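Chain residues, written in single-letter form:
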Amino acid sequence: MRLDEAYFATLGVIGGVVGLLAIGRGVGLAIPDPIAAVGAVTVSGTFLLWRGAILLAAGAFYLQGVNEGLDRLNAQATVFLASLMIGILAGAELVSSLLEAIPGGADRWVADGGEIVAAVGPPYSPAVVMLPFAFVAITYWSQEAEP
Amino acid sequence: MGHPNVGKSALFNRLAGANISESNYPGTTVEYTESHLASDEMVPIIDVPGTFSLEPNDRAESVAVDLLHSETDPTVICVLDATRIERGLNLVLEILERGHEVVIALNMWDEAQQNGVDIATDELADILGVPVMPTVATEGVGVDELQSSLDQARSSSLASITDRLPTESTPDDNTPATDGGDPAARWDLVDAIVAATVRYQETTPSLADQLGRLTVAPKTGLPFAVAVLYGMWAFFSAVAGFFTDGYFVPLFDNHWLPWIQSAFPGEGGWLYFLVVGDPTATNSFEAFGVVTSGLFVAIGVVLPAILALYFILALLEDSGYMARLAVLLDAAFDRIGLHGYAIVPMVLSFGCNVPGVAATRTLETDKQRLLTMTLLSVFIPCGAQLGVMLSLIPQYTGYILLYLLAGFFVFGAVLNRLIPGSSPEIAVDIPPLRRPRLANVATKLSVRLRGFITSAVPFVLAGVGVVNLLYLGGVVDWLATALSPVLSGWFGVPRETVPALIAGFMRKDLAIAQLSAVSMGPFQTVMSVVMVSIYFPCVATFAMLIKEGRTSGGVLRVVGGALATLVAALFLWGGLLRLIGITLGVA
């Protein structure tokens, strides 16, 4: 197994498991939030069912790409698509947190820098935690750009 | 002139120095735009909708063809997609057949080279007998050369083109295409021209090509579409919330409202009621004066929502993803007698119903246009309305939207059976995925926002004024009493929702804002928002229905169809929601 295949297989399994967890919590199953065990990660908030479904699909795409063999361009594109989905999910969550934190309320136009930093700090959703790892798929794009 | 989505509007913008919308999907332009050459104001220039041939298949194509026929001795710039030159050449030959003087712009020249399409432009110009210029309109490449060549525009007969072909490229049957309009002979000539001037080199698909393919395959494309739609919704909510809740609510509620309540003279008088509204209101939604609620709804709530939505739409359009959504949703639309490109008017309607209704011109038959116009005006809430819903009832907005979309397809399926006419299948081009250009996104945003500010804001302010005048005249109370049995009996909402229904004639966003002042339970709020959404289209959409109805089967047919549908939808779909609420024990 190639190194990138092992890497994205791991990411796929994590995405799939966390996606299932989010779906379970989204439909109201009594599954504990992992924040209790892993302080920096939380599976909570609005649209949990949808976010879980997207994570699950991204995980499945990683595994599908690995299964097809990442020496093939089509498989690399599948993995890239999964990373895009993680990117959309994480980007939306980070933008929401940031934009919620910036207004300072009735008295100030902009909140203190410390408050803003705290708002975009942990705990993070699984998509945000996975984002830097998902970025690795960009190497397929840059490889193609090389002569 | 040229096929849809070959870059005509981009080229027009370059030549005229204008700012009209250009997008990476077919059907952006449905009406012609006039301007003049930036370099010579004496030379008029017209951008027309795309057309596949001079035998129009839809209203947008008719606009282009009619304009060509109505102009006296026009110089026609034929814009061709250089990556698919053979298709555009057929249209060029048709235009030459009619005796027009032509210059050819081989647009998307950069993509043609990347795709290994090697076109000998000098040979092509020699054979056709007209100037041929490679261009990349979005980057401005070749535009100056194209402009310089306009003086050399020529007409050329098909017989003379056949004569100029190299011997080995002459059509097989050696029958020169006549200028009598035989399509088969014209296509033979196109093949011969392409054989003589174009070489296709073998290229391997890129990662972007593969990604493009995955986004239209249902197994990978649908989950990705869910991610994109979620991202759109999250961004829309975040940006609208940032401006409205973060800045405009404190600004209006803590500063503007108290100041205007105390500074405006004549508290208790009719003018005060009209302009400021309730002197004891503590928030701008409930005051309901022209310069309190009216201004707050227009500027503080709707403008940020529109800004966010139009930004997302511009990205979707320019990236080429809109066309991919069309392909993915084709099967769903097929069940209601439409095809995937009905997504274009539908998505535009989420911005504003007016351009959405106008965009139905790209649909082929009167039946499809009537169906789409009716469904859009009844079931698709505009961005302004969504913005107010998001501000007032964020926890229910998603569910309301889903319920309305379900109504769109259920009533679409019923109307498809009831409305006579055909719903032909079509083959569509999927444009390549492209990186959106910031300048074009900014242009679109500014054009659309300017349109909103000049057309919608006065309607919101006038809407508040009209409702307040009706209050003062006792009309609202009379209507509330008259409609009370229906409102409470069928829909389960209080009679106080009548002012919102009146405001809904002017603006739906205003109507929903007005509902916030009515004391209701959560389900009643959802019910009344659904009612206002399905209820009569706003006056601007209604005017557009009349305009488009004239050329889509008749005003009576279109407006009558829309009104009959909305009455049925209001009572059946609204009644069904109440039934669901009663069954679940929440109504």
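Residues numbered from 1 in each chain as written. Chains lettered and ligands numbered in written order. Predicted model: local features only at pLDDT ≥ 70, side-chain atom pairs only at ≥ 80, totals over all residues. Heavy atoms only, no water.

**So, the overall build of chain A**
A tally of helices and strands in chain A yields six helices and two strands. Going from the N terminus to the C terminus, chain A shows its helices and strands as α-α-α-β-β-α-α-α. In terms of its C-alpha atoms, chain A occupies a principal-axis envelope of roughly 55 × 45 × 25 Å. The 147 residues of chain A split such that 44% are buried. Counting every atom, chain A has about 7300 Å² of accessible surface; 70% of that belongs to carbon and sulfur. Treating the 5 positive side-chain charges of chain A as one cloud and the 12 negative ones as another, the clouds have centres 5 Å apart. (Helix = DSSP H or I, 4+ residues; strand = E, 2+ residues; numbered from the N terminus. Buried < 20%, exposed > 50% of the residue type's maximum accessible area, 1.4 Å probe, protein only. Areas by Shrake-Rupley, 256 points an atom, 1.4 Å probe, with all protein chains shown as cover. Lys, Arg positive; Asp, Glu negative; His and termini not counted. Charge placed at Lys NZ, Arg CZ, Asp CG, Glu CD.)

**Here's the deal with the overall build of chain B**
The helix and strand inventory of chain B stands at 27 helices and seven strands. With the principal axes as the frame, chain B shows a C-alpha extent of 90 × 50 × 45 Å. The proportion of buried residues among the 587 residues of chain B is 57%. A separation threshold of at least 6 residues defines the contact pool for chain B, and within that pool the share at least 24 residues apart is 73%. Across chain B, the 31 positively charged side chains and the 54 negatively charged ones have centroids separated by 9 Å. (Contact = heavy atoms within 4.5 Å.)

**Remarks on unusual backbone geometry**
Here Pro122(A) and Pro123(A) are connected by a cis peptide whose omega angle stands at 5°. One can find Pro123(A) in the loop between helix H4 (113–119) and helix H5 (126–134). The phi angle at Asp73(B) is positive, at roughly 45°, despite the residue not being glycine. Among the structural elements, Asp73(B) can be located in the loop between helix H2 (59–70) and strand S3 (75–81).

**Focus: the packing of aromatic side chains**
To describe a pair of aromatic rings, you give the distance between the ring centres and the angle between the ring planes. Taken as a whole and judged by the stated rule, the model has 24 aromatic pairs over all chains. Their ring planes at 35° and their centres at 5.7 Å tell us that Phe235(B) and Phe311(B) sit as a pair that is tilted. A residue pair is termed long-range when its members are at least 10 positions apart, and Phe235(B) in helix H10 (residues 218–263) and Phe311(B) in helix H13 (residues 290–319) qualify at 76 residues. Look at Phe235(B) and you get partly exposed, because its relative accessible area is 25%. Relative accessible area serves as the criterion here: at 27%, Phe311(B) is assigned to the partly exposed category. Pairwise contacts between aromatic rings join Tyr7(A), Phe8(A), Tyr62(A) and Tyr140(A) into one cluster. (Phe/Tyr/Trp six-rings, centres within 6.5 Å; stacked < 30°, edge-to-face > 60°.)

**Brief notes about the interface of chain B and chain A**
Of the residues lining the interface, 30 residues belong to chain B; the matching set on chain A comes to 32 residues. Contact with chain A buries area across many residues of chain B, yet Leu207(B), Tyr230(B) and Tyr247(B) alone supply 27% of it, more than any other trio. Our count for the contact surface shared by chain B and chain A stands at zero salt bridges. For the pair chain B and chain A, the interface holds two residue pairs in polar contact (both at pLDDT 80 or more). (Buried area = accessible area lost by both parts, 1.4 Å probe. Salt bridge = Lys/Arg side-chain N within 4 Å of Asp/Glu carboxyl O. Polar contact = N/O pair within 3.5 Å; in protein donor to acceptor, adjacent residues only side chain to side chain.)

**Remarks on the pairing of strand S1 (residues 33–37) of chain B**
Moving residue by residue along a regular strand, the side chains alternate between the two faces of the sheet. All names here are of chain B. With five bridges joining them, S1 and strand S2 (residues 40–47) adopt antiparallel strand pairing. Its bridge partner lying in S2, Leu 37 is registered against Asp 40. Counting the residues that bridge the hairpin from S1 to S2 gives two residues. (Pairing = 2+ DSSP bridges.)

**Regarding the nonpolar core**
Residues Phe8(A), Phe236(B), Phe379(B), Phe408(B) and Ile534(B) are the most contacted members of the largest nonpolar core, which totals 158 residues. Take this core: its biggest share by element is 16 residues, from H10(B). Beyond its immediate stretch of four places on either side in the chain, Phe379(B) contacts Leu404(B), Gly407(B), Phe408(B), Phe411(B), Ile534(B), Ala569(B) and Trp573(B). (Core = buried A, V, L, I, M, F, W, Y, C linked by side-chain atoms within 4.5 Å.)

**Observations concerning the confidence of the model for chain A**
Fine structural detail should not be taken from predicted coordinates in areas where pLDDT scores are low. Within chain A, residue pLDDT values average 89, and 96% of them lie at 70 or more. Ranking the elements of chain A by mean pLDDT puts helix H6 (residues 138–145) of chain A last with 78 and helix H2 (residues 48–68) of chain A first with 95. (pLDDT = per-residue confidence, 0-100.)

**As for the packing of H13(B) against helix H16 (residues 343–351) of chain B**
Residue and element names in this part refer to chain B. The N-to-C vectors of H13 and H16 enclose an angle of 155°; their axes lie 9 Å apart at closest approach. Looking at the two axes, H13 sits roughly antiparallel to H16. Here Ile 306, Leu 309, Tyr 310, Leu 313 and Glu 317 of H13 lie close against H16, whose contacting residues are Val 347, Leu 348, Phe 350 and Gly 351. Residues belonging to the contact of H13 with H16 are distributed by class as follows: seven nonpolar, one polar and one charged. (Axes fitted to C-alpha atoms, helices over the stretch in contact; angles between N-to-C directions. Parallel < 35°, antiparallel > 145°, perpendicular 65-115°, else oblique. Nonpolar A, V, L, I, M, F, W, Y, C, P; charged D, E, K, R; others polar.)

**Notes on the packing of helix H25 (residues 522–534) of chain B against helix H27 (residues 555–584) of chain B**
All names here are of chain B. Contact geometry of H25 with H27 gives a least axis separation of 9 Å together with a crossing angle of 165°. Our classification of the angle between H25 and H27 gives roughly antiparallel. The chirality of how H25 crosses H27 is right-handed. Across from Phe 523, Val 526, Met 527, Val 530, Met 531 and Ile 534 in H25, the residues of H27 making contact are Leu 566, Ala 569, Leu 570, Trp 573, Gly 574, Leu 577, Arg 578 and Gly 581. (Left-handed = near helix turned anticlockwise from the far one by under 90°.)

**What about the pattern of salt bridges?**
Taken as a whole and judged by the stated rule, the model has eleven salt bridges over all chains. A salt bridge links Glu97(B) to Arg186(B); its shortest N-O distance comes to 3.0 Å. With Glu97(B) in helix H3 (residues 85–97) and Arg186(B) in helix H8 (residues 183–197), the pair connects residues that are 89 residues apart, well separated along the chain. Between Glu317(B) and Lys444(B) there is a salt bridge whose closest N-O contact spans 2.6 Å. Of this pair, Glu317(B) sits in helix H13 while Lys444(B) sits in helix H21 (residues 438–472), and the two are 127 residues apart along the sequence. Of the two residues examined, Glu317(B) and Lys444(B), each falls in the buried class. Each member of the salt-bridge network shares a partner with another, and the members are Arg108(A), Asp112(A) and Glu115(A).

**Observations regarding the sheet that holds strand S4 (residues 101–107) of chain B**
Residues and elements named next belong to chain B. Spatially, S3-S4-S6 is the arrangement adopted by the three strands of the open sheet, whose pairing is parallel. What marks the edges here is a single partner per strand, and that holds for S3 and strand S6 (132–134). Here the strands of the sheet are splayed against their neighbours by 25° on average, with no regard to which way each runs. Judged from the seven bridges that link them, S3 and S4 form a sheet pairing that is parallel. In the strand pairing of S4, Asp 81 is matched with Asn 107.

**Things to note about the environment of Ala196(B)**
Along the chain, Ala196(B) turns up in helix H8. Separated by 76 residues in sequence, Ala196(B) and Ala120(B) place their C-alpha atoms 8.7 Å apart.

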